[in-house]
Amino acid sequence: MPPARSAPAPGRPRLVPEPTQLQSLPGRFTFDATTALKVSPGAEGAAALLRTLLGPATGLPLPARADGSVVLALDRALGGLGEEGYGLTIGTEGVLLRAARPRGLLAGVQTLRQLLPVEALRAEPVPGVAWSVPCAQITDIPRFPWRGSMLDVARRFRPVSYLRRYVDLLALHKLNVLHLHLTDDQGWRMPVPALPRLTEVGGLPHGGAYTRAELGGLVAYAAERGVTVVPEIEMPGHVRAALAAYPELGNHPGRTYEVWDRWGVCDTILGVHDQALDFCRTVLDEVMDVFPSPYVHVGGEECPTDEWHVSPAARRRAAEEGLPGPAALHGWFMERIGEHLLAAGRHPLSWTEDGADLPPYFTVMPWRDAEHGRTAVRRGHRVIMAPHRTTYLDYPQSAGPEEPPGQAGEVVDLRTVHGNDPAPAHWSPEEAGRVLGSQVQLWTEYVPTPAHAEYLTFPRLCALAEVVWTGRHDWPGFQERLRHHRTRLDALGVPRRPDAAPASAPVPAPAP
Ligand code: ACM
């Protein structure tokens, strides 16, 4: 007899995010050593992922066979499911997972994984568990196509092994973007063969730098899980580490720089001479070579223009370009870079307040106020909402004395993240239609260890995932499901806040 801890509890499966439509049916389907997969052409990736994810705990081989009882079917006729939607039918004799596109199948695999006993998520073999899932009929389509998390690996380097784990955790929640903040004043983690000093000098503080092979491997690993790695290279501000490597890119001929050892907004920025622009193009060409992401993030925010105001070369450039003054060089600079990315077939992406000095072909991430997002969509930008008061995970998640120190100024608790509404109902349909989605951001000034990064990320990332997948804000329902979902995070070894915290009340016996 299987141990009590895996005994199925009756009731509706408790999934995060909640599926669009879920009808519970009587009975269960059990995966065992004889279970085989019937894999249609194009569904091989989903089959491989299912084996990879279930293998460590269950040891199930799940071979492919023409008469397999678990059918993974790619069917382009199911266009109504979109790029990432799927249908999942579980009966006592078999499972049918269908989607129009491979990413839909990958999302469905994650649902199957959550439906299994929570022990299925463990990294080591768990004997004696009945690997059963409740019978159900599910149709599930995400509300937003951009569902992401930004990780700042510039302030604190994290090894690729950690990034892979992070990708796994995103995929479990059906998030599809890992936005990697690769460069900043305090560090440069992106290797560029033509510019070796970037990582030799800029990679030193707080950790290291990636190799091209590591980043390529990460991109492939993420793609197998339905996650796109979106690279970010900061410009024309937040570049102190690059200036430490190549001071001639700055505004002060003859000056040398240290990689910045403080937090905050640094006032040294790139020059606007041809050499600085060529540098950015060289870096971005390498970035595009390594990262197939359709979107390339070029930073753009927190760029004090004081250096341009006093630099004769910058003032000359502003005059030559017919700009009203050196401050306008920011938009001019971004447009030069945007043109370069567009010519290479990529979408330029930038932090912004409301997109005021960016061409409308820039996709933007409004990060100050949510209302800036509306101004940006009205200017014609496509928008990914990243307002700091609801999506910045470097703020403490409670005001309580037990909370470790974090970024000062706000408290972003679980409910606040859940309240993030990327396209509020009072926006016009045209405005809402330009909102691609939303993401959480983990800046790492106050995040010394990988464990602390996970402590800050979970469960707040679960709330973001719920909102961007469902487009709904069912707070009581989310809390109820999260209570069970925490047992999944526990099985994955994700550090969590103490149980005394309201959102982690005592957990009932695990059942999906
Ligand atoms: C930002 O918080 N620097 C986008």
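Residues numbered from 1 in each chain as written. Predicted model: local features only at pLDDT ≥ 70, side-chain atom pairs only at ≥ 80, totals over all residues. Heavy atoms only, no water.

Caption draft 1: How the structure looks around the UniProt feature "active site" (unreviewed entry) in the protein. In the UniProt entry, the feature "active site" (unreviewed entry) is given for Glu302. For glutamate 302, a relative accessible area of 27% corresponds to the partly exposed category. Beyond its immediate sequence surroundings of up to four residues, glutamate 302 is in contact with His238, Val265 and Trp367. A distance of 2.8 Å separates a polar atom in the side chain of glutamate 302 from a polar atom in the side chain of histidine 238. (UniProt positions renumbered as here; feature names shortened; annotations may be inferred. Buried < 20%, exposed > 50% of the residue type's maximum accessible area, 1.4 Å probe, protein only. Contact = heavy atoms within 4.5 Å. Polar contact = N/O pair within 3.5 Å; in protein donor to acceptor, adjacent residues only side chain to side chain.)

Caption draft 2: Region of the structure containing the pairing of strand E7 (residues 146-152). With 7 of its 7 residues buried, E7 lies for the most part within the structure. Alternating residues of E7 divide into Trp146, Gly148, Met150 and Asp152 and Arg147, Ser149 and Leu151, and every residue in both groups is buried. Bridging between E7 and strand E16 (residues 435-442) involves 6 bridges; their strand directions are parallel. Its bridge partner being in E16, glycine 148 is matched across the sheet by glutamine 439. The handedness of the E7 to strand E8 (residues 177-181) crossover, carried by helix H3 (residues 160-172), is right-handed. (Helix = DSSP H or I, 4+ residues; strand = E, 2+ residues; numbered from the N terminus. Pairing = 2+ DSSP bridges. Right-handed = clockwise from strand over helix to strand, strands pointing away.)

Caption draft 3: Looking closely at the state of the cysteines. A complete count under the given rule lists 0 disulfides for this structure. Here cysteine 266 is not disulfide-linked; the sulfur of cysteine 303 is the nearest cysteine sulfur, at 11 Å. When its relative accessible area of 2% is taken as the criterion, cysteine 266 is described as buried. The thiol of cysteine 280 is unpaired, and the distance to the nearest cysteine sulfur, on cysteine 303, comes to 11 Å. Overall, cysteine 280 belongs to the buried group, its relative accessible area being 1%. (Disulfide = S-S within 2.5 Å.)

Caption draft 4: Local environment of the sheet that holds strand E3 (residues 70-74). Read across the open sheet, the 6 strands follow the order E1-E6-E4-E5-E3-E2; overall the sheet is mixed. Since the sheet does not close on itself, it has two edges, and those belong to strand E1 (21-31) and strand E2 (37-39), each with one partner. Taken pair by pair, the neighbouring strands of this sheet meet at an average axis angle of 20 degrees, ignoring direction. Where E3 lies against strand E5 (residues 95-99), 5 bridges are found, and the strand directions are parallel. From the neighbouring strand, leucine 72 faces E5, where its bridge partner is leucine 97. (Axes fitted to C-alpha atoms, helices over the stretch in contact; angles between N-to-C directions.)

Caption draft 5: A look at unusual backbone geometry. The peptide bond linking methionine 235 to proline 236 adopts the cis configuration, its omega dihedral lying at -15 degrees. With an omega of 10 degrees, the peptide bond running from phenylalanine 458 to proline 459 counts as cis. Within the secondary structure, proline 459 sits in the loop between helix H15 (450-457) and helix H16 (460-470). Notably, leucine 62 is not glycine yet its phi reads approximately 45 degrees, a positive angle. The phi dihedral of glutamate 302 is positive, around 45 degrees, even though this residue is not glycine. You can see glutamate 302 is positioned in the loop between strand E12 (295-299) and helix H8 (306-310).

Caption draft 6: Spatial organisation of the packing of aromatic side chains. All chains considered together, the criterion is met by 11 aromatic pairs. With a centroid separation of 4.6 Å and 40 degrees between ring planes, the pair formed by phenylalanine 157 and tyrosine 210 is classed as tilted. In this pair, phenylalanine 157 is assigned in the loop between E7 and H3 and tyrosine 210 in the loop between helix H4 (197-202) and helix H5 (212-224), connecting sequence segments 53 residues apart. Here tryptophan 351 and tryptophan 443 contribute two aromatic rings whose centre-to-centre distance is 5.4 Å and whose plane-to-plane angle is 45 degrees, an arrangement assigned as tilted. Residue tryptophan 351 is found in strand E13 (residues 347-352), and its partner tryptophan 443 is found in the loop between E16 and H15; the two are separated by 92 residues along the sequence. A single burial state applies to tryptophan 351 and to tryptophan 443, both of which are buried. Over the ring of phenylalanine 144 we find arginine 143; its NZ or CZ atom is 3.9 Å from the centre of that ring. Just above the ring of tryptophan 469 sits the side chain of lysine 174; from NZ or CZ to the centre is 5.8 Å. (Phe/Tyr/Trp six-rings, centres within 6.5 Å; stacked < 30°, edge-to-face > 60°. Lys NZ or Arg CZ within 6 Å of the ring centre and 35° of its normal.)

Caption draft 7: Focus on the pattern of salt bridges. Summed over the entire model, instances satisfying the criterion amount to 28 salt bridges. Residue aspartate 152 is joined to arginine 155 by a salt bridge in which the shortest nitrogen-to-oxygen separation is 2.9 Å. Linking arginine 481 and glutamate 466 is a salt bridge whose minimum nitrogen-to-oxygen distance equals 2.7 Å. With arginine 481 in helix H17 (residues 475-491) and glutamate 466 in helix H16, this residue pair connects regions lying 15 residues apart in the sequence. (Salt bridge = Lys/Arg side-chain N within 4 Å of Asp/Glu carboxyl O.)

Caption draft 8: Summary view of the packing of helix H2 (residues 102-115) against H3. Relative to each other, H2 and H3 sit at 85 degrees, their axes nearing to 9 Å. Viewed along their axes, H2 and H3 adopt a mutual orientation that is roughly perpendicular. On the side of H2, the interface is formed by Gln110, Arg113 and Gln114, while H3 contributes Asp168, Ala171 and Leu172. Each residue belonging to the contact of H2 with H3 can be placed in one class, and the counts come to 2 nonpolar, 2 polar and 2 charged. (Parallel < 35°, antiparallel > 145°, perpendicular 65-115°, else oblique. Nonpolar A, V, L, I, M, F, W, Y, C, P; charged D, E, K, R; others polar.)

Caption draft 9: Here's a closer look at H16. Burial runs high along H16: 11 of the 11 residues are buried. Glycine 471 occupies a position one or two residues after H16 and carries a positive phi of about 70 degrees.

Caption draft 10: Quick peek at the nonpolar core. Of all hydrophobic cores here, the largest spans 119 residues; its most connected members are Met190, Leu198 and Phe333. Considering every element that reaches this core, the biggest residue donor is H3, with 9 residues. With residues up to four places along the chain from it excluded, the contact list for methionine 190 reads Leu182, Thr199, Leu215, Ile233, Glu286, Val287, Val290 and Phe291. Grouped together as the second largest cluster of nonpolar side chains are 40 residues, Leu53, Ala99, Ala107 and Trp131 included. (Core = buried A, V, L, I, M, F, W, Y, C linked by side-chain atoms within 4.5 Å.)

Caption draft 11: Inspection of the packing of H16 against H17 at higher detail. Interhelical geometry of H16 versus H17 gives an angle of 125 degrees and a closest axis separation of 11 Å. It follows from the interaxial angle that H16 and H17 lie oblique. Every pair of crossing elements has a handedness; the one defined by H16 and H17 is right-handed. Residues Cys462, Ala463 and Glu466 of H16 touch H17, and the partners they reach there are Phe478, Arg481, Leu482, His485 and Leu489. Classifying every residue of the contact of H16 with H17 gives 5 nonpolar, 1 polar and 2 charged. (Left-handed = near helix turned anticlockwise from the far one by under 90°.)

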